[in-house]
Amino acid sequence: MDLTLLSYGTSLVIQGIYLLIAVTGFIGAVLAAGTREDAFEVAGRQNKWIWVAILGASGFVLFLSGVGLAVPFLSWAAMVFIGLYWWDVRPQINGILRGAGGW
């Protein structure tokens, strides 16, 4: 097997992962925009428009990385912000909206 073909295939997989995570960032921004603003306040988080901006900007940075305009450090930071929203902020806010309290 030719190593250039393997390198090209690996590059396509990585770009696809960046694009997939970018889509989750855009989806998170839309969901955050549709969430009640007081839920973020009760959770002790940044307000909803800051989260919408963070997720939108993170999705944009990852989209740029996915199409080959690499911004390595910003890409990793964007992935951390998107992960933080999906695995920490959103579950807490959903719990508050359902009446389950904080964590």
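Residues numbered from 1 in each chain as written. Predicted model: local features only at pLDDT ≥ 70, side-chain atom pairs only at ≥ 80, totals over all residues. Heavy atoms only, no water.

**Q** I tried to follow a nonpolar patch on the surface on my own but got confused; where do I start?
**A** Side chains of Leu19, Phe26, Phe60, Phe63, Val67 and Leu69 sit close together on the surface and give an oily, nonpolar patch of about 540 Å² of accessible area. Elements with a minimum of two residues in the nonpolar patch: helix H1 (3-33) and helix H3 (48-66). Overall, the relative accessible area of 37% leaves Phe63 in the partly exposed class. (Patch = residues over 30% accessible without salt bridge, like charges linked within 9 Å, V, L, I, M, F, W, Y side chains within 5 Å. Areas by Shrake-Rupley, 256 points an atom, 1.4 Å probe, with all protein chains shown as cover. Salt bridge = Lys/Arg side-chain N within 4 Å of Asp/Glu carboxyl O. Helix = DSSP H or I, 4+ residues; strand = E, 2+ residues; numbered from the N terminus. Buried < 20%, exposed > 50% of the residue type's maximum accessible area, 1.4 Å probe, protein only.)

**Q** Sorry if this is basic, but what is going on with the pattern of salt bridges here?
**A** Two side chains that carry opposite charge are able to pair once their charged atoms sit near each other. Applying the stated criterion across every chain, the model contains two salt bridges. Linking Asp38 and Arg36 is a salt bridge whose minimum nitrogen-to-oxygen distance equals 2.6 Å. Under the relative-accessibility criterion, Asp38 is labelled partly exposed at 34%. Arg45 serves as the salt-bridge partner of Asp88, at 3.0 Å between the closest nitrogen and oxygen. Note that Asp88 is positioned in helix H4 (residues 72-97) and Arg45 in the loop between helix H2 (37-43) and H3, a separation of 43 residues in sequence. Under the relative-accessibility criterion, Asp88 is labelled buried at 18%. On the basis of relative accessible area, Arg45 is assigned to the partly exposed category, the value being 24%.

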